[in-house]
Amino acid sequence: MTDRSSDRSSALHAGAWWVWALGLATAASRTTNMLLLALLAGVAGYVVAARRTDAPWARSYGAFLKLGLAVIVIRLVFAVILGSPIPGTHTVLTLPEVPLPEWARGVRIGGRVTAEGLVFALADGMKLATLLICVGAANALANPARLLKSLPGALYEAGVAVVVAMTFAPNLVADVQRLRAARRLRGRPDRGLKALLQVGLPVLEGALERSVALAAAMDARGYGRTAQVPPAVRRTTSALTLGGLLGVCAGTYGLLGDTGAGYGVPVLVAGLAAALAGLWLGGRRSVRTRYRPDRWGARAWLVSASGAAVAGLMIWAGDYAPAALHPAAVPLAAPGLPVWPAVSVLLGLLPAFVAPVASREGATTTAAAGHRRAGHRGLRAAAPAPAPDARGEALGSAGGPGGLGALPQETGRGGTGAPLPPPRRSATDSESGGAETAPTRKETPQ
């Protein structure tokens, strides 16, 4: 218990990983320099490799990498088929062009494919792929259950719904696999629309039964109960929350755009303040208490500050080195690596050195504790079994095969509760290697 509590207290807050990843994503949205984009993706990948655990959600990073590569390929295919708005002089190939009507002016299918257009499409695809990689890094590093646990009280119902969905999703997959295996054993097809319909009904029935049981259990434990709040407070909460979320969206759009950095930061800050005030007022409706809340410690501040620093320095670099962050595709030239923006990107490596590795240590500690418990069970299993009674049944003991704890001993037929006497062993049993030897009777001379 001490190891688990220390591991929980030393683990990094899940929100810090998301702040760090969103900072890297903001920096990626401010440039089309392929070298800087590759550096940002490398920084995110190194931190994931250094601080990723063996949890199931940590395996999602590979899927985001594949999705990023697919985005680049799709962007290049669109540039080849639909053309590019960038004029170029270096023709790579010429496709047959499909004639389009007058109302589709400005759109073409096929035609000349230039190297400048491909380079522009590659940079644009790498920008979106880097954004996906940064989001994938947050998904691989942050524990989703602990992130939902840290939600404010106003979002308590939404968090409970998401946790229930995440808990029941593996059960649905297991039910489908179990039913398909049962159909194969019975010689019935497990593929096709007919098999899907026949499997879907039992799966739906099981999901409904679990939902009803869970709803009854949650209602018995007080879930969903809210406190009485005056109408004026409810209206103020709704106005602050809605206005704050709109401000956050507008500010985020300004930060991600190339020309909205001037108004993006103040609008984002004002929106966050209004949204937090609305969430704080909305949390008064919740009567729940939080068990062992995650603390935002010094390491969480360092991790989140590193992501914010990368985003801020990259936005600042857009003012003094715009040509370095957005190299022109015409004329065709290799992009250069600007020094100070590259140094600011390297600040994102800080979590690889300051973030704790308590999750892996906790997993190791838990596994060692499991081995110790298994060893104790093995020692108990190796202990001598209780002697059988007259009917050949073992007396109840604390280490019985059922694993249900101390079982009452079998009583006599009189129902007095007294334990049965130990069985008598014959001389033949002792001669055949029994556990006890019968006393020998000394022959007396006649």
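This is a predicted model, so every value here is computed, not measured.

> Describe the overall build of the protein, listing the residues and the values that go with them.
Assigned secondary structure in the protein consists of 16 helices and two strands. The buried share of the protein, reckoned over its 446 residues, is 29%. Put simply, 74% of the contacts in the protein that link residues at least 6 apart link residues at least 24 apart.

> Please give an account of helix H11 (residues 298-320) that cites residues and values.
A rise of 1.5 Å per residue sets the reference length of H11, with its 23 residues, at 33 Å; its end C-alpha atoms lie 32 Å apart and thus fit the reference within 8%. Residues Ala300, Val303, Ser304, Ser306, Gly307, Val310, Ala311, Met314, Ile315 and Ala317 constitute the buried set of H11.

> Break down the confidence of the model for the protein for me, with residues and values.
Any residue range with low pLDDT should be treated as having predicted coordinates unsuitable for detailed reading. Overall, the prediction assigns the protein a mean pLDDT of 74, with 70% of residues at 70 or greater. Within the protein, helix H3 (residues 34-51) carries the highest mean pLDDT (94), whereas helix H16 (residues 427-431) carries the lowest (41). The low-confidence segment residues 1-7 (pLDDT under 50) makes seven contacts with residues lying over four places distant or belonging to another chain. In this model, residues 359-446 is a region of pLDDT below 50 whose contacts with residues beyond four sequence positions or in other chains number 46 contacts.

> Which residues make up the nonpolar core, and what values do they have?
Counting 42 residues, the largest nonpolar core has Trp17, Trp20, Leu24 and Val303 as its most contacted members. Mapped by element, the contributors of at least two residues to this core are helix H2 (14-29), H3, helix H4 (61-82), helix H5 (115-141), H11, helix H13 (339-346) and helix H14 (351-354). Dropping the residues within four chain positions of it, Leu24 is found in contact with Leu40, Val43, Ala44, Cys134, Gly307, Val310 and Gly348.

> Any details on the packing of H2 against H11? Residues and values, ideally.
For the pair H2 and H11, the least separation of the axes is 8 Å and the interaxial angle reads 10°. Judged by the angle between their axes, H2 and H11 are roughly parallel. Only Ala300, Val303, Ser304, Ser306, Gly307, Val310, Ala311, Met314 and Ile315 of H11 make contact with H2, whose side of the interface consists of Ala16, Trp17, Val19, Trp20, Gly23, Leu24, Thr26 and Ala27. Tallied by class, residues from the contact of H2 with H11 come to 12 nonpolar, five polar and no charged.

> How would you explain the packing of aromatic side chains if you had to name every residue and give the values?
For the coordinates displayed, the defined rule picks out three aromatic pairs. The interplanar angle of 70° and the centroid separation of 5.3 Å between the aromatic rings of Trp316 and Tyr320 together place this pair among those described as edge-to-face. In this pair, Trp316 and Tyr320 both sit in helix H11, four residues apart, roughly one turn of the helix. The exposed category is assigned to Trp316, whose relative accessible area is 53%. A relative accessible area of 42% means that Tyr320 is categorised as partly exposed.

> So what about H4? Which residues, and what values?
Look at H4: 31 Å from first C-alpha to last across 22 residues, which is about the 32 Å you get at 1.5 Å a residue. When we look at burial in H4, the residues that qualify are Tyr61, Phe64, Gly68, Val71, Ile72 and Ala79. Along the axis of H4, the buried positions cluster into a sector of 90°, meaning they face one direction only. Across from the buried face of H4, at angles greater than 90 degrees, the exposed residues are Lys66 and Leu69. Of the surrounding elements, those touching the buried residues of H4 are H3 and H5. Gly83 occupies a position one or two residues after H4 and carries a positive phi of about 85°.

> Please set out the packing of H3 against H5 residue by residue, giving values where relevant.
Between H3 and H5, whose axes approach to 9 Å, the crossing angle comes to 20°. Here H3 lies roughly parallel to H5, going by the angle between them. Note that H3 runs across H5; the crossing there is left-handed. Residues Met34, Leu37, Ala38, Leu40, Ala41, Ala44, Val47, Val48 and Arg51 of H3 pack against Val119, Leu122, Ala123, Met126, Lys127, Thr130, Ile133, Ala137, Ala140 and Leu141 of H5.

Procedures and definitions
Residues numbered from 1 in each chain as written. Predicted model: local features only at pLDDT ≥ 70, side-chain atom pairs only at ≥ 80, totals over all residues. Heavy atoms only, no water. Helix = DSSP H or I, 4+ residues; strand = E, 2+ residues; numbered from the N terminus. Buried < 20%, exposed > 50% of the residue type's maximum accessible area, 1.4 Å probe, protein only. Contact = heavy atoms within 4.5 Å. Expected span 1.5 Å × (residues − 1). pLDDT = per-residue confidence, 0-100. Core = buried A, V, L, I, M, F, W, Y, C linked by side-chain atoms within 4.5 Å. Axes fitted to C-alpha atoms, helices over the stretch in contact; angles between N-to-C directions. Parallel < 35°, antiparallel > 145°, perpendicular 65-115°, else oblique. Nonpolar A, V, L, I, M, F, W, Y, C, P; charged D, E, K, R; others polar. Phe/Tyr/Trp six-rings, centres within 6.5 Å; stacked < 30°, edge-to-face > 60°. Arc of directions from axis to C-beta. Left-handed = near helix turned anticlockwise from the far one by under 90°.

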